[in-house]
Number of protein chains: 2
Amino acid sequence: MPRSRCPLPALPILRWLPRYSLAWLPLDLLAGLAVGLTTVPQALAYAELAGLPLQYGLYSSFMGCFVYCFLGTAKDVTLGPTAIMSLLVSSYASHEPVHAVLLAFLSGCIQLAMGLLHLGFLLDFISFPVIKGFTSAASITISFNQIKNILGLQGIPRQFFLQVYETLRRIGETRAGDAVLGLSCLAALAGLRAVRSQVPRAGPAESLAVRISHLIVWISGTARNALVVLFAGLVAYSFQVLGSQPFRLTGSIPQGLPPFRPPRFSLAAPNGTVPFQSMVQVGAAALQGLLCSLQHSSASPAPSFVSSGVANVLGSFVSSYPITGSFGRTAVNAQSGVCTPAGGLVTGALVLLSLAYLTSLFYYIPKAALAAVIISAVVPMFDAGIFRTLWRVKKLDLVPLCVTFLLCFWEVQYGIVAGVLVSGILLLYSIARPPIKVSEGAVLLVQPGSSLHFPAVEHLRDCVCSRALAASPPRSVVLDCCHVSSIDYTAVLGLAELLQELRRHGLSLAFCGLKDSVLQVLLSADLEGFQHFPSWEEAGEALGCSPRVG
Amino acid sequence: MPRSRCPLPALPILRWLPRYSLAWLPLDLLAGLAVGLTTVPQALAYAELAGLPLQYGLYSSFMGCFVYCFLGTAKDVTLGPTAIMSLLVSSYASHEPVHAVLLAFLSGCIQLAMGLLHLGFLLDFISFPVIKGFTSAASITISFNQIKNILGLQGIPRQFFLQVYETLRRIGETRAGDAVLGLSCLAALAGLRAVRSQVPRAGPAESLAVRISHLIVWISGTARNALVVLFAGLVAYSFQVLGSQPFRLTGSIPQGLPPFRPPRFSLAAPNGTVPFQSMVQVGAAALQGLLCSLQHSSASPAPSFVSSGVANVLGSFVSSYPITGSFGRTAVNAQSGVCTPAGGLVTGALVLLSLAYLTSLFYYIPKAALAAVIISAVVPMFDAGIFRTLWRVKKLDLVPLCVTFLLCFWEVQYGIVAGVLVSGILLLYSIARPPIKVSEGAVLLVQPGSSLHFPAVEHLRDCVCSRALAASPPRSVVLDCCHVSSIDYTAVLGLAELLQELRRHGLSLAFCGLKDSVLQVLLSADLEGFQHFPSWEEAGEALGCSPRVG
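Every chain begins its residue count from 1, and numbering advances along the sequence as written. Key to labels: chains lettered from A, ligands numbered from 1, both in the order written. Since the coordinates come from a predicted model, pLDDT governs what is reported: local features require at least 70, and pairs of side-chain atoms require 80 or more to be given and counted, while whole-chain, interface and lining totals use all residues. With hydrogens and water set aside, each side-chain value is computed from the structure's full complement of heavy atoms.

Q: Is there a simple way to explain the overall build of chain A in this structure?
A: Numbering of helices and strands starts at the N terminus; helices are DSSP runs of H or I of at least 4 residues and strands are runs of E of at least 2. Looking only at helices and strands, chain A features 22 helices and 7 strands. Throughout, a residue-residue contact means that at least one pair of heavy atoms, one from each residue, lies within 4.5 Å. Summarising the internal contacts of chain A: among those between residues at least 6 apart in sequence, 78% fall at separations of at least 24. Just so you have it, chain A exposes about 22700 Å², and 66% of that area is on carbon and sulfur atoms. To measure how exposed things are, a 1.4 Å probe is used in the Shrake-Rupley method; for residues, cover is taken only from the protein chains shown.

So this is what it looks like as structure tokens:
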């Protein structure tokens, strides 16, 4: 299905439900199950990463599936908690679920507004180096954040640099059980991933035994997160039964579905600073709404603003924290052969079932296993090659990349904002100071190298004036506008002043190569002394001499 | 002298002082005197507008003159308090001189930073409609703000709409004396201004009597503010001597020069909210620094960031509030025939002298006369014709104009920020969605109408893909990049994805009209299946058929 960022004319579910084929059902069921088996362990792990009680990960994981089933336009996208979103939430919510839920509501509203107002194009201004710098840094930050759980350390601060310092300082306190388990889980996850990607799916021609063994490899690769967590849980349970416990466990998680109620807008504030707090929250949510949408601007299928906005707003009524499209689970969905967004119903149901019946079993999941789940999800996001590629292709793009990458270690938000600002300033500079080609001759032939947006016009004026008056005798000017596709009043005014200034020195200015729309605007402005010609040769002749093109 | 926004290699005073000619001295003296006679009454009036004690107007008026003498690059620009700056200060400082002085310091720092970091080009992004909307609205707001002083009303709120309501409601309380004096002053100012602009300067050929009468007209026109205030003061003094006082007077102003001390960074805060307050102040100052610089982006000579930054920073040490280039006094300076920035020394000295010796006389200046001075300074800023012009030339520009104009009545800052945002979004949209010319044929000839900045590349990709695949059989594509002047990695990546996507459907993509710099970037990116040709005809032939240009 084509991807779309605009709200659709009709409910997207109406596009595929009426022609739903029964042949799709088993495939959708299977894919939903596969995604669900990834979702449940990831949900617990990401909630830990977000600094929230673990049930909030599950609370956040079902509404997106249901909403996307109705509003989704791509068959394989899955909405839910992600590692990066959890990292962002952790820096904002500071262990306070009420904040995280309010954040989901506010960023949902912002996404809805952006979707309905067609402001999606603003996301195109997040350049690729910024995204790469951010995801690469987040991959390192998140992985390191989980080292403490692998090593069984407690009381490590959240800030990256302090974390590195404290982790290294206290590396001697490593608990052997956690470390062994965590590293084994990491190895198992990496191995299962590698095996699945290298073993091809068996064709129908092969023998049953081969096909079954292939199927086993494929299933254990796809559901590797669930398998590893399940296995680790069994090991921990066995130790518990034997009366010793070498692992830090998840601990008890409240059973049952979350209540359906609107998010709370105010905490019992100790003093009268509620309006300020809520201001900060709106600001943070605006930033968040932007960040939530980072994945939109990448190349893979992404949820539309409207669907992720609705999912977040509705999610905030069931204690969800902000969610977005998950790359990893979308890939699982696609590889499992999903046919329609209906697969999401199965995933959502699986999450609800775990909440209702399985939470008592989650008690035995070792934290080191969840840490391994997170690390194996984020390590592929690191891309060391991008530095070399940019050095080869376009060195200037290294600036936003490095700014984003480095500042993200301080605080992810700062990194993204700084990166967008830097790449924005580079963009604005190229708009405000376009290349201007000047050919000397009896008259000056000036050709702006790209479109003449209003911020560039004063620069053009200064440049033309200084060049025209520098020669003796001063020379008239032909302005070749073949690259100018539109013009606004500020630019018209700048050109009018240029005309005037040249006339004051007894010089002429002739335009050539004007597009119709530009010509019309200039004619309607009634510029004094305005003259235009189809080509620069004619313009040069009209000014009394032909320009020599250099 | 040419105007410059960049810091200069050497101290600008060294450019003109060594070759100072004695013939310039009388002209500089005269001009400095003329500007000084305008500055002193305006300084008192603007301080009243800013909601500060009147001496602060004078405190703010001398440092700019001295600094600009050293750092100025244009001979006629004068730095000092202006009506618009006073309006901005009034909305921020809320009658608290400490705030206003700190604001001068902070905005000076911001201006210095912008000057030293060469960020002046950012100001080109304030489009002409925004400036016009803002100054026109400010002209109305400021004039109406002074109506209360003309009518002798007291206790009128600051907010424009409340002001209009209260002023109309209490119009019956008008004091006859103030109203008569205020209206007479307004009429006198308008008359003197009109006479001066219509009577030409007498040539040396005319008789002495004619020349003297011309000179009188010219002097009284140029120093009209001082004359009117002086005359009004005399009238008030006469009434005082006679024992009755029909006018509201300025009242006593502390005599003497301001102390030289750094601005205070904290008030005695009642609770622990100082960091928040200072945050807000920095934010406000950043905005202010931007606003201070609005006049830069207009066509007339403006102070450089460095000189106005230094003037504001040093000014804050002598209790100045933020200052900027004054249009009115710059015009007076130019018309008085100033030759070098040395005229500023005379003006500054005149202000210092008034502070040292004349403050007791200022007691008798009626507030209505000062109000008339302000109104006559700001009324010419209103430009009703701009609405008609934009309607004729470029209707889209009416949007930022109207947004700015209307919101400025609510609060000037909001108006400017909203206007810049709106015109920024229009600009960004035109960058993100450039016109793309598509010519159908056996192959598709696609030509981006302007430069291909990174935010536009995804749009281009979607557009090309949908058009190429829409036809049956799908068609190969020639991308004519003759208008593309530069390209960055995000755009390269988008083109790579386009190539890939077309190849997946068995189609080719050929580039033509690439500029050298663009070609180099594309070659270094090693795109799979990349092919380029000098012209689209050759590209079309290479793809096996010639495109038909529509």
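Q: Any chance you could explain the sheet that holds strand β6 (residues 509-512) of chain A here in plain terms?
A: All names here are of chain A. Any two strands with at least two DSSP bridges between them are considered paired. Strand order in the open sheet formed by 5 strands is β3-β4-β5-β6-β7, with mixed pairing between adjacent strands. In this open sheet, the two edge strands, each paired with only one partner strand, are β3 (436-439) and β7 (531-533). Averaged over all pairs of adjacent strands, the angle between strand axes in this sheet comes to 25 degrees, irrespective of strand direction. Each of β5 (477-480) and β6 touches helix α20 (residues 489-504); the most contacted strand, β6, lies at about 140 degrees to it. Angles shown run from 0 to 180 degrees and are taken between the N-to-C directions of axes, each axis being a line fitted to C-alpha atoms and, for helices, limited to the stretch in contact.

Q: Where do I start with helix α19 (residues 457-470) of chain A in this structure?
A: Spacing of three or four residues puts side chains on the same side of an α-helix, whose turn is 3.6 residues. Residues and elements named next belong to chain A. For a helix, the expected span equals 1.5 Å multiplied by the number of residues minus one. Helix length check: α19 (14 residues) gives 20 Å between terminal C-alpha atoms against 20 Å at 1.5 Å per residue, within 8%. For every residue, the accessible area obtained with a 1.4 Å probe (protein chains only) is divided by the maximum for its type, and the residue is called buried under 20%, exposed over 50%, and partly exposed between those limits. Looking only at α19, the buried set comprises Val457, Glu458, Leu460, Arg461, Cys463, Val464, Cys465 and Ala468. Residues of α19 that are buried make contact with β3, β4 (444-448), β5 and α20.

Q: What should I look at first to understand the interface of chain A and chain B in this one?
A: Reports often express the size of an interface as the amount of accessible area lost when the parts come together. At the junction of the two partners, chain A supplies 53 residues and chain B supplies 53 residues. Both sides of the chain A and chain B interface together cover about 4500 Å² of buried area, and 65% of this is carbon and sulfur. Among the residues of chain A in contact with chain B, Phe121(A), Phe454(A) and Tyr489(A) are the three that bury the most area, contributing 15% of the side total. Any Lys or Arg side-chain nitrogen found within 4 Å of a carboxyl oxygen on Asp or Glu counts as a salt bridge. Where chain A touches chain B, the interface holds 0 salt bridges. Taken together, the elements giving at least two residues each to the side of chain A that touches chain B come down to α6 (128-151), α16 (385-393), α18 (412-432), α19, α20 and α21 (516-524) of chain A. The biggest single contributor to the side of chain A that touches chain B is α18(A), with 8 residues. The term buried area denotes the loss of accessible surface (1.4 Å probe radius) that occurs when two parts are joined, taken as the sum for both partners.

Q: Explain the side chain of Thr404(A) to me, please; I cannot follow it from the model alone.
A: Residues and elements named next belong to chain A. Inspection of the secondary structure puts Thr404 in helix α17 (residues 398-410). We classify Thr404 as buried; its relative accessible area is 0%. A polar atom in the side chain of Thr404 sits 2.6 Å from the backbone oxygen of Pro400. Apart from residues lying up to four places away in sequence, Thr404 is in contact with Val130, Gly133, Phe134, Gly415, Ile416 and Gly419. Polar contact is the term for a pair of N or O atoms within 3.5 Å; when the atoms are in protein, one must be able to donate a hydrogen and the other to accept it, and sequence-neighboring residues count only if both atoms are side-chain atoms.

Q: I would appreciate a short explanation of the pairing of β3(A) in the present structure.
A: Looking along a regular strand, one sees side chains alternate from face to face of the sheet. All names here are of chain A. In terms of strand pairing, β3 meets β4 through 4 bridges, oriented antiparallel. Note on β4: the bridge partner recorded for Ser439 is Leu445. Joining the antiparallel neighbours β3 and β4 is a turn of 4 residues.

Q: How should the pattern of salt bridges be read in this particular structure?
A: Opposite charge on two side chains makes pairing possible when the charged atoms of those side chains draw close. Residues and elements named next belong to chain A. Under the counting rule described, the total for this entry stands at 22 salt bridges over all chains. In this structure, Arg170 and Glu173 form a salt bridge, with 3.2 Å as the shortest nitrogen-oxygen distance. According to the relative accessible area criterion, Glu173 is partly exposed, its value standing at 47%. One salt bridge connects Arg475 with Glu440, and the closest N-O pair in it is separated by 2.6 Å. One end of the pair, Arg475, is in the loop between α19 and β5; the other, Glu440, is in the loop between β3 and β4, and 35 residues separate them in sequence. Residue Arg475 is classed as buried on the basis of its relative accessible area, which comes to 14%. It is possible to trace a salt-bridge network through shared partners that takes in Glu166, Arg169, Arg170 and Glu173.

Q: Help me understand the relation of the copies chain A and chain B, please; the structure alone is not making it clear to me.
A: Copy one and copy two of the chain differ by a rotation about a common axis and a shift along it. Least squares is the method for superposing the copies, and the C-alpha atoms it fits come from residues with pLDDT of at least 70 in both. The transform that puts chain A on chain B rotates by 180 degrees and translates by 0.0 Å along the axis, for an RMSD of 0.2 Å. Read as a symmetry element, the transformation amounts to a two-fold axis.

Q: Hey, could you run me through the environment of Lys75(A) in this one?
A: Topologically, Lys75(A) is positioned in the loop between α3 (55-71) and β1 (79-80). When the C-alpha atoms of Lys75(A) and Gly337(A) are compared, they prove to be 9.9 Å apart, with 262 residues separating the residues in sequence.

Q: How should I be thinking about the state of the cysteines in this particular structure?
A: In a disulfide, the sulfur atoms of two cysteines are held together by a covalent bond. All names here are of chain A. Throughout, a disulfide means two cysteine sulfur atoms within 2.5 Å of one another. Under the definition given, this model contains 0 disulfides over all chains. Free cysteine Cys339: the closest other cysteine sulfur is in Cys69, separated by 13 Å. Cysteine Cys512 is unpaired, with the sulfur of Cys481 as its nearest cysteine sulfur at 7.0 Å.

Q: For this particular structure, what's the right way to read the UniProt feature "transmembrane region" (unreviewed entry) in chain A?
A: Residue and element names in this part refer to chain A. UniProt positions are given in the numbering used here, feature names are shortened, and annotations may be inferred rather than shown by experiment. The UniProt record annotates "transmembrane region" (unreviewed entry) at residues 21-40, 52-71, 101-123, 215-239, 345-365, 371-391 and 398-429. From the first C-alpha to the last, residues 21-40 spans 28 Å; its make-up is 85% helix and 0% strand. The distance separating the terminal C-alpha atoms of residues 398-429 is 16 Å; by composition the span is 97% helix and 0% strand.

Q: Explain the packing of helix α2 (residues 24-50) of chain B against helix α3 (residues 55-71) of chain B to me, please; I cannot follow it from the model alone.
A: Angle between the axes and distance between the axes are the two parameters that describe a pair of packed helices. Residue and element names in this part refer to chain B. Interaxial distance between α2 and α3 falls to 7 Å at its minimum, and their mutual angle equals 130 degrees. Taken together, the axis directions place α2 and α3 in an arrangement best described as oblique. Between α2 and α3 the crossing geometry is right-handed. Each of Thr39, Val40, Ala43, Leu44 and Ala47 in α2 lies in contact with α3, whose residues at this interface are Tyr56, Gly57, Leu58 and Ser61. Any residue that is not Ala, Val, Leu, Ile, Met, Phe, Trp, Tyr, Cys, Pro, Asp, Glu, Lys or Arg is counted as polar, Gly included; the first ten are nonpolar and the last four charged. Split by residue class, the contact of α2 with α3 holds 6 nonpolar, 3 polar and no charged. An angle below 35 degrees is treated as roughly parallel, one above 145 as roughly antiparallel, one from 65 to 115 as roughly perpendicular, and anything else as oblique. Crossing handedness: left-handed means the near helix sits turned counterclockwise from the far one by under a right angle, and right-handed means the same turn made clockwise.

Q: Teacher, can you tell me more about unusual backbone geometry here?
A: Backbone geometry follows two general trends: most residues other than glycine have a negative phi, and most peptide bonds adopt the trans configuration. In this model, Ser319(A) sits at a positive phi of 60 degrees, which is unusual for a non-glycine residue. Note that Ser319(A) resides in the loop between α12 (305-316) and β2 (324-325). Within the chain, Asp526(B) stands out as a residue other than glycine whose phi angle is a positive 55 degrees. Along the chain, Asp526(B) falls in the loop between α21 (516-524) and β7 (531-533). The exposure class of Asp526(B) is exposed, given its relative accessible area of 62%.

Q: Can you help me understand the packing of aromatic side chains in this one?
A: We describe a pair of aromatic rings using the distance from one ring centre to the other and the angle between the two ring planes. Residue and element names in this part refer to chain A. In this analysis, rings of Phe, Tyr and Trp, with Trp reduced to its six-membered ring, are considered paired at centre separations within 6.5 Å, and the interplanar angle assigns stacked below 30 degrees, edge-to-face beyond 60, and tilted for intermediate values. Counting across every chain of the model gives 32 aromatic pairs over all chains. When the centroid spacing of 5.5 Å and the interplanar angle of 75 degrees are considered together, the rings of Phe160 and Phe161 count as edge-to-face. Each member of the aromatic cluster is reached from another via a ring pair, and the members are Phe144, Phe160, Phe161, Phe387, Phe405 and Phe409. Seen from the ring of Trp391, Lys395 lies directly overhead, with NZ or CZ sitting 5.0 Å from the centre. Throughout this description, the term charge over a ring refers to an Arg CZ or Lys NZ atom that lies within 6 Å of the ring centre and within 35 degrees of the ring normal.

Q: Quick question: what am I supposed to make of the side chain of Thr167(A) here?
A: Residue and element names in this part refer to chain A. Mapping Thr167 onto the fold places it in helix α7 (residues 160-169). Only 2.5 Å separates the side chain of Thr167 from the backbone oxygen of Gln163, close enough to count as a polar contact. When near neighbours in sequence (up to four residues on either side) are disregarded, Thr167 contacts Phe144, Ile147, Leu151, Leu153 and Ile156.

Q: Hey, could you run me through the packing of helix α8 (residues 176-198) of chain A against helix α15 (residues 367-378) of chain A in this one?
A: All names here are of chain A. Two numbers describe how α8 lies on α15: the axes approach to 8 Å, and their chain directions differ by 35 degrees. α8 and α15 meet at a crossing whose hand is right-handed. Residues Asp178, Leu181, Gly182, Cys185, Leu186, Leu189 and Arg193 of α8 form the contact with α15, whose participating residues are Ala368, Ala369, Ala372, Val373, Ile375 and Ser376. Taken together, the residues of the contact of α8 with α15 sort by class into 9 nonpolar, 2 polar and 2 charged.

Q: Help me understand the confidence of the model for chain A, please; the structure alone is not making it clear to me.
A: Residues and elements named next belong to chain A. Note: pLDDT gives the predictor's confidence per residue, expressed from 0 to 100. Confidence in the prediction of chain A, expressed as mean pLDDT, is 84, and 89% of residues score 70 or more. In the model, residues 268-276 has pLDDT below 50 throughout and makes 3 contacts with residues more than four positions away in sequence or in other chains. A low-confidence stretch, residues 295-301 stays under pLDDT 50, and its non-local contacts, those more than four residues away or across chains, total 26 contacts. Predicted as a complex, the structure gets a pTM of 0.74 and an ipTM equal to 0.76.

Q: Please explain a nonpolar patch on the surface as it appears in this structure.
A: The patches reported here contain residues having more than 30% relative accessible area and no salt bridge. Joining distances are 9 Å for like charges and 5 Å for nonpolar side chains (Val, Leu, Ile, Met, Phe, Trp, Tyr). Together, Leu353(A), Tyr357(A), Leu358(A) and Leu361(A) give the surface a local cluster of nonpolar side chains, amounting to about 430 Å² of exposed area. In this fold, Leu361(A) is placed in helix α14 (residues 343-362).

Q: How should the pairing of strand β6 (residues 509-512) of chain B be read in this particular structure?
A: All names here are of chain B. Neither face of β6 is open: one carries Leu509 and Phe511, the other Ala510 and Cys512, and all of them are buried. Judged from the 4 bridges that link them, strand β5 (residues 477-480) and β6 form a sheet pairing that is parallel. If you follow Asp480 over to β6, its bridge partner there is Cys512. At this point the chain moves from β5, through helix α20 (residues 489-504), to the parallel β6, and the crossover so formed is right-handed. Pairing of β6 with β7 involves 3 bridges; the strand directions are parallel. When the bridges of β7 are listed, Ala510 appears paired with Gln531. If you view a crossover with the strands going away from you and the path from the first strand over the helix to the second runs clockwise, you call it right-handed. Once you follow β6 into α21 and on to β7, the crossover reads as right-handed.

Q: Looking at this structure, I do not really get the sheet that holds β5(B). What am I missing?
A: Strands pair in a sheet through their backbones, by hydrogen bonds, and they do so in one of two ways: parallel or antiparallel. All names here are of chain B. Taken together, 5 strands build an open sheet; the order of strands is β3-β4-β5-β6-β7 and the sheet is mixed. The strands lining the two open edges of the sheet, one partner per strand, are β3 (436-439) and β7. Shown here is a sheet whose adjacent strand axes are inclined to one another by a mean of 25 degrees, direction ignored. Where strand β4 (residues 444-448) and β5 come together, 3 bridges link them in parallel fashion. Note on β5: the bridge partner recorded for Val446 is Leu479. Helix-sheet contacts for helix α19 (residues 457-470) involve β3, β4 and β5, and the interaxial angle to β4 is about 165 degrees.

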